[in-house]
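For reference, the chains in residue letters:
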Amino acid sequence: MSAVTDQPLGMSNQPLGTASQPGPSYNREDWASAFVNVELELDDVPLTAVRGEIPVGLNGTLYRNGPGRLERGGQWVHHPFDGDGMVAALRFEQGQLHLRNRYVRTEGWMAEEAAGRMLYRGVFGTQKPGGAVANAFDVRLKNIANTHVVRLGDNLLALWEASSPHALDPESLETRGLSLLDGVLKPDEAFSAHPRFDPGHHGEPRMVTFGVKTGPRSTVRLMEFATEGPRAGQLLSDRSDSFKGFAFLHDFAITPNWAIFLQNAVDFNPLPFLLGQKGAAQCLRSRQGGQAQFWLVPRDCGAFAGQSPRLIDAPDGFVFHHLNAYEEGDQLVVESIFYADFPSIGPEMDFRAIDFDLIPEGLLERCRIDLTSGSISTERLSERCCEFAMVNPEREGLKARYGWMAAAEREQGNDPLQVIKKLDLITGERKVWSAAPRGFVSEPVMVPMPGGAEDAGWVLTLIWNGARRGTDLVILNASDLTEQAIVELPLAIPYGLHGSWASA
Ligand code: FE
């Protein structure tokens, strides 16, 4: 394979990348063909590469979570994010690869399996049959455990931010049940689906995460857990802070001294939800002229432990995900994917028919917060639509040179995600690997090579292969994005959300 520098690679059984051709880089039928139910649960199925070889140095398990069930009894979810969580585990061992997948046995999934129809409303607008009358005042939340999957102690946790994690067996993927993490959480307490993994800023590595209870005031609970040794899974620190205003906090970022939250300027009007007309997330609206704020919470292990949070006005826009954050002298630097507005799918819209041109694209920006003056400067790092970005996990919370992300094939404008991009965060140099025109990528997971350079290792991603209507695993060299292997999974998995790597 030749090195690629800003030169899209097509999959070799398909036409090469189409960046230079006019017109869209994909066809909508291919894109929409990923909206399927996962019909199989497989057990330790051995897989081989259809192209390339599975790297012998890659040893561990890639866990992926995402919506697996989008239709039941002839009724489709209103938004794929309402689909039941299905976890896939790809276990790598000395060049061998095995696949297992399981639905998370949530209370809602089991009840709906038995009934053969939808029994719950979804946060993103899925309604029970029977219209508003049947849905009004049903405020039960269906914990669908579909957003992320991480290893903590002896458990694999399937996360969904509005309620408790589900604990799974990391090997068999059997659901052990809802977990309160040895009494750390109260029943139904919110627990973010976006933990951050401190690689050892203060000695031992930690999982840092949060829960948010919102209303006219919002309380953010920041928790840090041990991840290694006999204490793995134990709570190491715990603080709660109360802030004025409604908060929709999906993600956050960490540095050695700070946990960084961005309170988007959004309002929540619960009335249409209560009246059975909309899902709860459809009741969020960007507040015109509203002021977003950074909430900077001192970490208990850092230099400002015990101090009050700092509040600093943030730039306009809406953020789901951050890439990374770090400290530089008296500045706190946060790199995030900004949208011009909160993207929502209204009650009358079909998610398969969305017009990408009408939805704002995600753009990577760097905010530099001066902690002395409270001033902020921002800088756009790329004009290309992107999502699902990460740095080398060893650089989490520290200044990183490189980021890996899913991006659009086109250099500008909003489109489905079809390329994996490596961005040099200092020089702006970029490399891409493209699955266009018939492939669609999901979140890339960067797996560092032990003891290697910052960009040494692999990038793993599941792609939807529109040509064969199935899911492929793509393994790239993290440094130059050359293709190492492509594995066709005997599964069709809809576009996923988040996943993680657990070393052997
Ligand atoms: Fe997320």
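Residues numbered from 1 in each chain as written. Predicted model: local features only at pLDDT ≥ 70, side-chain atom pairs only at ≥ 80, totals over all residues. Heavy atoms only, no water.

Participant: Explain the overall build of the protein to me, and be specific about the residues and the numbers.
Facilitator: Scanning the protein from N- to C-terminus turns up four helices and 35 strands. A globule of 504 residues ought to have a C-alpha radius of gyration of about 23 Å, and the protein, at 22 Å, matches this closely. Out of the 504 residues in the protein, the part that is buried amounts to 59%. Here the analysis covers contacts within the protein between residues at least 6 apart in sequence; of these, 61% occur between residues at least 24 apart. Per element, the accessible surface of the protein, about 19600 Å² overall, is 51% carbon and sulfur. Side-chain charges of the protein comprise 46 positive and 64 negative groups, with the mean position of each set lying 3 Å from the other. (Helix = DSSP H or I, 4+ residues; strand = E, 2+ residues; numbered from the N terminus. Rg over C-alpha atoms; globule rule 2.2 N^0.38 Å. Buried < 20%, exposed > 50% of the residue type's maximum accessible area, 1.4 Å probe, protein only. Contact = heavy atoms within 4.5 Å. Areas by Shrake-Rupley, 256 points an atom, 1.4 Å probe, with all protein chains shown as cover. Lys, Arg positive; Asp, Glu negative; His and termini not counted. Charge placed at Lys NZ, Arg CZ, Asp CG, Glu CD.)

Participant: Talk me through the coordination of the iron ion; I want residue IDs and the actual numbers.
Facilitator: For the iron ion, the full set of protein donor atoms is H194 (NE2), H250 (NE2), H321 (NE2) and H498 (NE2), at a range of 2.0 to 2.1 Å. Within one chain, the residues serving as donors to the iron ion are arranged as H-x55-H-x70-H-x176-H. Here the residue H321 occupies a position in strand β22 (residues 318-328), and H498 occupies one in the loop between β34 (483-488) and β35 (499-503), the gap between them amounting to 177 residues. What makes H321 buried here is its relative accessible area of 9%. (Donors = N, O, S within 2.8 Å, 3.2 Å for Na, K, Ca; no water.)

Participant: Run through the packing of aromatic side chains, naming residues and quoting values.
Facilitator: Tallied over the full model, the rule gives 25 aromatic pairs. Plain terms: the ring middles of F318 and F320 are 4.9 Å apart, the flat faces sit at 70° to each other, and that makes the pair edge-to-face. Classification of F318 as buried rests on a relative accessible area of 1%. Plain terms: the ring middles of F320 and F342 are 6.2 Å apart, the flat faces sit at 45° to each other, and that makes the pair tilted. Pair noted here: F320 is in strand β22 and F342 is in the loop between β23 (331-339) and β24 (363-370), with a separation of 22 residues, a long-range link. Take F342: its relative accessible area is 11%, and that puts it in the buried class. (Phe/Tyr/Trp six-rings, centres within 6.5 Å; stacked < 30°, edge-to-face > 60°.)

Participant: An account of the pattern of salt bridges is requested, with residue identities and associated values reported.
Facilitator: One pass over the full model with this rule turns up 47 salt bridges. Across the pair E113 and R72 runs a salt bridge whose closest N-O atoms are separated by 2.9 Å. Note that E113 is positioned in helix α2 (residues 107-115) and R72 in strand β4 (residues 71-72), a separation of 41 residues in sequence. On the basis of relative accessible area, R72 is assigned to the buried category, the value being 4%. Two residues, D424 and R401, come together in a salt bridge whose shortest N-O distance is 2.8 Å. With D424 in strand β28 (residues 417-424) and R401 in the loop between β26 (386-390) and β27 (402-408), this pair connects stretches of sequence that are 23 residues apart. For D424, a relative accessible area of 5% corresponds to the buried category. (Salt bridge = Lys/Arg side-chain N within 4 Å of Asp/Glu carboxyl O.)

Participant: How would you summarise a nonpolar patch on the surface if you had to cite specific residues and measurements?
Facilitator: Residues F137, V139, L271, L274 and L275 make up a contiguous nonpolar surface patch of about 450 Å² in total accessible area. Within the secondary structure, L274 sits in helix α4 (residues 271-274). Taking relative accessible area as the criterion, L274 reaches 30% and is therefore assigned partly exposed. (Patch = residues over 30% accessible without salt bridge, like charges linked within 9 Å, V, L, I, M, F, W, Y side chains within 5 Å.)

Participant: Explain unusual backbone geometry to me, and be specific about the residues and the numbers.
Facilitator: Most of the time, phi is negative for any residue but glycine, and the peptide bond is trans. Residue P437 follows A436 across a cis peptide bond; omega there is 5°. For P437, the position within the fold is in the loop between β29 (430-434) and β30 (439-441). You will see that D44, though not glycine, has its phi angle at about 55°, which is positive. Mapped onto the elements, D44 comes out in the loop between α1 (28-32) and β1 (45-47). Positive phi is not limited to glycine here, since F388 has a value of about 50°. If you trace the backbone, F388 turns up in strand β26.

Participant: Tell me about the sheet that holds β29, and please be specific about residues and values.
Facilitator: Overall, antiparallel pairing links the four strands, which are arranged β26-β27-β28-β29 in an open sheet. At either end of the open sheet lies a strand with only one pairing partner, and these are β26 and β29. Averaged over all neighbouring strand pairs, the angle between strand axes comes to 25°, with direction disregarded. In terms of strand pairing, β26 meets β27 through three bridges, oriented antiparallel. For E387, the partnering residue across the bridge sits in β27 and is A406. (Pairing = 2+ DSSP bridges. Axes fitted to C-alpha atoms, helices over the stretch in contact; angles between N-to-C directions.)

Participant: Explain the confidence of the model for the protein to me, and be specific about the residues and the numbers.
Facilitator: Mean pLDDT over the protein stands at 92; residues scoring 70 or higher make up 95%. Low pLDDT, under 50, characterises residues 1-20; the predicted model gives this stretch 54 contacts beyond four residues in sequence or across chains. (pLDDT = per-residue confidence, 0-100.)

Participant: Outline the environment of R121, supporting the account with residue identities and numerical values.
Facilitator: With respect to the helices and strands, the residue R121 is situated in the loop between α2 and α3 (131-135). With a relative accessible area of 4%, R121 lands in the buried category. Spatially, the C-alpha atoms of R121 and K278 are 9.4 Å apart, while their sequence positions differ by 157 residues. Excluding residues within four positions of it along the chain, R121 makes contact with T126, Q127, K128, N135, D138, K142, P272, F273, G276, Q277 and K278. A polar contact of 2.9 Å, which involves the side chain of R121, links it to the side chain of Q127. From its side chain, R121 meets the backbone oxygen of N135 in a polar contact 3.1 Å long. (Polar contact = N/O pair within 3.5 Å; in protein donor to acceptor, adjacent residues only side chain to side chain.)

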